Amino acid sequence: MAQRSEANNVFFLIIVGILAWIVPGAGHYMLKEKKRAIIIFTTIVLTFIIGLYIGSIGIINPVDAKAWYLAQIMNSPMVAALGHLTSMDPEKYRVFGRPNEIGQYYTSIAGLLNLLCIINAVYLAHLRGTKAEV
Amino acid sequence: MPLMLFSIMANFIAPENIGTDPKSMLWLLPLTAAIAIVYKATKMPKITAGSFIKEVAILSGSIIIFIIIIALALFGLAWMITE
């Protein structure tokens, strides 16, 4: 019985982590932390959209800017779709100079902030799981 | 919703026209607010509007002041080396 409960807990942590990755703030929403979820969703999505507005979708470049792309994809798996779109015709979407830099800073920092939120949501879920067992 | 967001974002195909002058770095200032908001949203045990805004203002202010101190120190160092 205890084993099953532990397996359920691990499954729950994985679900929280995946949800928090797919939609920023969804992990916290699942844990009934609605205020945090709304703040996280609004801030991360706005930061990401501002980055795209400044630099265009060309800043998501899985071919020539892999390190930035790794941070950007932490926003949501949807970034992979945008990356696929830009990598199909790189010359059409190529961005240079300051807009490229600033756009990459915004989108990558939004991704790293979402990584922080994913870890925080999984940790909160873990703490609640251990408290419930006691 | 993700599909709707994707279709909106896929329309951003032309970058903004931003120069390479020092003023263009001011575009990065709102990032300090984003970092402070998300960090405080994960760290505060209980979120109330007043205390949250106060904490965010203190943290983003501290980040900006620290950046200014570092910039002045680096500027001074560069000045000492080149003069």
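Residues numbered from 1 in each chain as written. Chains lettered and ligands numbered in written order. Predicted model: local features only at pLDDT ≥ 70, side-chain atom pairs only at ≥ 80, totals over all residues. Heavy atoms only, no water.

Here we come to the overall build of chain A. Helix and strand counts for chain A stand at seven helices and zero strands. Starting at the N terminus, the α and β elements of chain A follow one another as α-α-α-α-α-α-α. On the principal axes, the C-alpha backbone points of chain A span a range of 60 × 25 × 15 Å. The proportion of buried residues among the 134 residues of chain A is 49%. Across chain A, contacts joining residues at least 24 apart in sequence account for 70% of those joining residues at least 6 apart. When the accessible surface of chain A is totalled, it reaches about 6,900 Å², and 69% of it is carbon and sulfur. (Helix = DSSP H or I, 4+ residues; strand = E, 2+ residues; numbered from the N terminus. Buried < 20%, exposed > 50% of the residue type's maximum accessible area, 1.4 Å probe, protein only. Contact = heavy atoms within 4.5 Å. Areas by Shrake-Rupley, 256 points an atom, 1.4 Å probe, with all protein chains shown as cover.)

This part is about a nonpolar patch on the surface. On the surface, B:Phe66, B:Ile70, B:Leu74, B:Phe75, B:Leu77, B:Trp79, B:Met80 and B:Ile81 cluster together to form a nonpolar patch covering roughly 960 Å² of accessible area. When you line up the elements, B:Trp79 lands in helix H3 (residues 49-82). (Patch = residues over 30% accessible without salt bridge, like charges linked within 9 Å, V, L, I, M, F, W, Y side chains within 5 Å. Salt bridge = Lys/Arg side-chain N within 4 Å of Asp/Glu carboxyl O.)

Before going further, it helps to spend a moment on helix H2 (residues 29-43) of chain B. Here H2(B) spans 22 Å end to end across 15 residues, near enough to the 21 Å set by a 1.5 Å rise per residue. If you check which residues of H2(B) are buried, you get B:Leu31, B:Thr32, B:Ala34, B:Ala36, B:Val38, B:Lys40, B:Ala41 and B:Thr42. (Expected span 1.5 Å × (residues − 1).)

If you look at the interface, chain B gives 33 residues, while chain A gives 32 residues. Of the roughly 3,100 Å² buried at the junction of chain B and chain A (both faces included), carbon and sulfur atoms supply 79%. Contributing elements (two or more residues each) for the side of chain B that touches chain A: helix H1 (2-9) and H2 of chain B. Ranked by residues supplied to the side of chain B that touches chain A, first place goes to H2(B) with nine residues. (Buried area = accessible area lost by both parts, 1.4 Å probe.)

On to the confidence of the model for chain B. Residues and elements named next belong to chain B. Here chain B averages 87 in pLDDT, while 87% of its residues score no lower than 70. Within chain B, no element has a lower average pLDDT than H1, which sits at 66, and none a higher one than H3, at 94. Across the interface, the model reports ipTM at 0.85; the global pTM reads 0.86. (pLDDT = per-residue confidence, 0-100.)

What follows covers the pattern of salt bridges. All names here are of chain A. Under the defined criterion, the tally for this structure stands at four salt bridges over all chains. Between Glu33 and Arg128 there is a salt bridge, and its shortest N-O distance comes to 2.6 Å. On the criterion of sequence distance, the pair formed by Glu33 in the loop between helix H2 (26-30) and helix H3 (34-55) and Arg128 in helix H7 (residues 97-133) is long-range, its members being 95 residues apart. Between Glu101 and Arg98 there is a salt bridge whose closest N-O contact spans 3.4 Å. Here Glu101 and its partner Arg98 are both found in helix H7, three residues apart, which amounts to about one turn of the helix. With relative accessibility at 15%, the residue Arg98 sits in the buried group.

Looking now at the side chain of A:His28. Residues and elements named next belong to chain A. Positionally, His28 belongs in helix H2. Residue classification places His28 among the buried positions, given a relative accessible area of 1%. Once residues within four sequence positions are removed from consideration, His28 is found in contact with Glu33, Arg36, Ala37, Ile40, Cys117, Asn120, Ala121 and Leu124.

At 2.6 Å, the side chain of A:Arg98 and the side chain of B:Ser24 are in polar contact. The contacts of A:Arg98, once residues within four sequence positions are left out, are B:Ile18, B:Gly19, B:Thr20, B:Asp21, B:Ser24 and B:Met25. (Polar contact = N/O pair within 3.5 Å; in protein donor to acceptor, adjacent residues only side chain to side chain.)

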